[in-house]
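These are the residues of each chain, in order.
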Amino acid sequence: MNNSAGNSYVELLEATIKHLEELREKGVKFVPVTQQTLAALFAPAGLARRAPAAQRPSQAAVPPPKAVVPVARPAGMLIDTSAAPADFEGKQAALEALRQRVLACRKCQHLAESRRNVVFGVGNPAARLMFVGEAPGAEEDEQGEPFVGKAGQLLTKIIQTMGLRREDVYIANILKCRPDTPGQATGNRKPTPTEMTTCLPYLLEQIKIIRPEIIVALGGTAVEGLFGKTQGITKVRGQWMEFQGVPVMPTYHPAYLLRNQSLLEKRKVWEDMMQVMERLGLPVTEKHRGYFLKG
Ligand code: URA
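Attention here is on the structure that accompanies the text.

What counts and what doesn't
- Residues numbered from 1 in each chain as written.
- Predicted model: local features only at pLDDT ≥ 70, side-chain atom pairs only at ≥ 80, totals over all residues.
- Heavy atoms only, no water.
- Helix = DSSP H or I, 4+ residues; strand = E, 2+ residues; numbered from the N terminus.
- Polar contact = N/O pair within 3.5 Å; in protein donor to acceptor, adjacent residues only side chain to side chain.
- Contact = heavy atoms within 4.5 Å.
- 1 Å grid on protein atoms, 1.4 Å probe; cavity = no way out; pocket = protein on both sides within 12 Å on 5 of 7 lines; lining within 4 Å.
- Points joined across faces, edges and corners; volume = space filled by probe spheres on them.
- Nonpolar A, V, L, I, M, F, W, Y, C, P; charged D, E, K, R; others polar.
- Buried < 20%, exposed > 50% of the residue type's maximum accessible area, 1.4 Å probe, protein only.
- Pairing = 2+ DSSP bridges.
- Near = heavy atom within 4 Å.
- Areas by Shrake-Rupley, 256 points an atom, 1.4 Å probe, with all protein chains shown as cover.
- Axes fitted to C-alpha atoms, helices over the stretch in contact; angles between N-to-C directions.
- Parallel < 35°, antiparallel > 145°, perpendicular 65-115°, else oblique.
- Core = buried A, V, L, I, M, F, W, Y, C linked by side-chain atoms within 4.5 Å.
- Disulfide = S-S within 2.5 Å.

Considering the side chain of Glu140
Here is step 1: Among the secondary structure elements, Glu140 is positioned in helix 5 (residues 138-143).
Here is step 2: Reaching out from Glu140, the side chain makes a polar contact with the backbone nitrogen of Gly149 at a distance of 3.0 Å.
Here is step 3: Ignoring sequence-local partners within four residues, the contact set of Glu140 consists of Val119, Glu145, Pro146, Phe147, Val148 and Gly149.

Shown next as structure tokens:
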């Protein structure tokens, strides 16, 4: 896709979203969309694949039935999965189309001005397991990829210990931009509730496209971003929750484990991950069961 095609694609998409948001404000909950429009919307310009000739409707053919899709939801509304692509390529194209929109997002002007990169998410578009963190840090902002700093390296180790590769799962954050820290050269800050609410619809769309079997929420802020204020991560970790029909395992953020190196805390996260493995039907060996019991 050349730059001007990419720009006009994004402009068109933004105009469509604006129009849908205006409709939603007027109380419209559904709009009729043809299957072809839907397919085109899921693929960015240049990525849209034409159906094989045999499947293309002829000029005289009866127009295809109209599918009904919900107008873009505000956070908290139920995910409608009826329009979610079922196959790998459809999911990949839908994620790429979404990524283009997120890259152009300027809803939080202060974050759009301070960011180096938008950190959309990475991994398998058809992942069975999705990890959700809070927001990019400095390294993630620099590289445009979530969980690549020290905490990210620990997350990668956890994933590998589960018998998976980083590219088997999907990794994303509640916030796609690094929270700014004006006047500070280093350090991170927690996203504000407004920033989280503004960005959450993008994560909802990612979940809707990927349709993971399980989400692991990493840390209290990720849990708060998904569910609003809860009892706090110490109380809720290790207990299954549910987000829009998807089972969620809340656990400690890997950054917490880097700060607190005790075996006991590592074991807690590992027990949470073993619950996840069991629910996914991944092999949990005696060796797995023995990790972090003694140093
Ligand atoms: N911490 C997070 O929550 N997300 C990242 O991407 C990196 C660190």
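Once the structure has been displayed, the description carries forward.
Describing empty space enclosed by the protein
Here is step 1: Scanning all chains against the criterion turns up one cavity of 30 Å³ or more.
Here is step 2: Size it by volume and the largest cavity reaches roughly 120 Å³.
Here is step 3: Residue lining of the largest cavity: 16 residues in total, with Cys105, Cys108, Cys177, Cys199 and Tyr202 positioned closest to the centre.
Here is step 4: Among the secondary structure elements, those contributing two or more residues to the lining of the largest cavity are helix 4 (109-114) and helix 7 (193-210).
Here is step 5: It is helix 7 that contributes the most residues to the lining of the largest cavity, four residues altogether.
Here is step 6: Residue composition of the lining of the largest cavity, by class: 10 nonpolar, one polar and five charged.

Quick word on the pairing of strand 8 (residues 246-251)
Here is step 1: Across the six residues that make up strand 8, a large majority, six, are buried.
Here is step 2: The alternating pattern of strand 8 places Val246, Val248 and Pro250 on one face and Pro247, Met249 and Thr251 on the opposite face, and all of these are buried.
Here is step 3: Judged from the three bridges that link them, strand 7 (residues 241-243) and strand 8 form a sheet pairing that is antiparallel. Each residue of the ladder has a partner; that of Glu242, found in strand 8, is Pro247.

Looking at the site of the ligand
Here is step 1: Surrounding the ligand, one finds Gly133, Glu134, Ala135, Pro136, Glu140, Pro146, Phe147, Asn173 and His253.
Here is step 2: Contacts to the ligand include Ala135, whose backbone N or O atom sits 3.0 Å from a nitrogen atom.
Here is step 3: A distance of 2.8 Å is found between a nitrogen atom of the ligand and a side-chain nitrogen or oxygen belonging to Asn173.
Here is step 4: Taking 230 Å² as the accessible area of the ligand by itself, protein coverage stands at 91%.
Here is step 5: Across the shell around the ligand, the residue classes break down as four nonpolar, three polar and two charged.

Let's talk about the packing of helix 7 against helix 8 (residues 220-227)
Here is step 1: Two numbers describe how helix 7 lies on helix 8: the axes approach to 10 Å, and their chain directions differ by 80°. Put simply, helix 7 runs roughly perpendicular to helix 8. On helix 8, the residues touching Met196, Leu200 and Leu203 of helix 7 are Thr221, Glu224, Gly225 and Leu226.
Here is step 2: Across the contact of helix 7 with helix 8, the residue classes break down as four nonpolar, two polar and one charged.

Some points on the nonpolar core
Here is step 1: Residues Leu129, Met130, Phe131, Met162 and Leu203 are the most contacted members of the largest nonpolar core, which totals 65 residues.
Here is step 2: Of all the elements, helix 7 adds the most residues to this core, at nine residues.
Here is step 3: When neighbours within four sequence positions are excluded, Phe131 is seen to be in contact with Leu155, Ile159, Met162, Val169, Tyr170, Ile171, Ala172, Val216, Leu218 and Met273.

Structural notes on the environment of Asp87
Here is step 1: Secondary-structure assignment places Asp87 in the loop between strand 2 (66-70) and helix 3 (88-103).
Here is step 2: Taking the relative accessible area as the measure of exposure, Asp87 reaches 41% and is therefore partly exposed.
Here is step 3: Between the C-alpha atoms of Asp87 and Ala126, which are 39 residues apart in sequence, the distance is 7.8 Å.

A few points about the state of the cysteines
Here is step 1: In total, this model carries zero disulfides according to the counting rule given.
Here is step 2: Note on Cys177: no disulfide assigned, nearest cysteine sulfur contributed by Cys199 at a separation of 6.4 Å.

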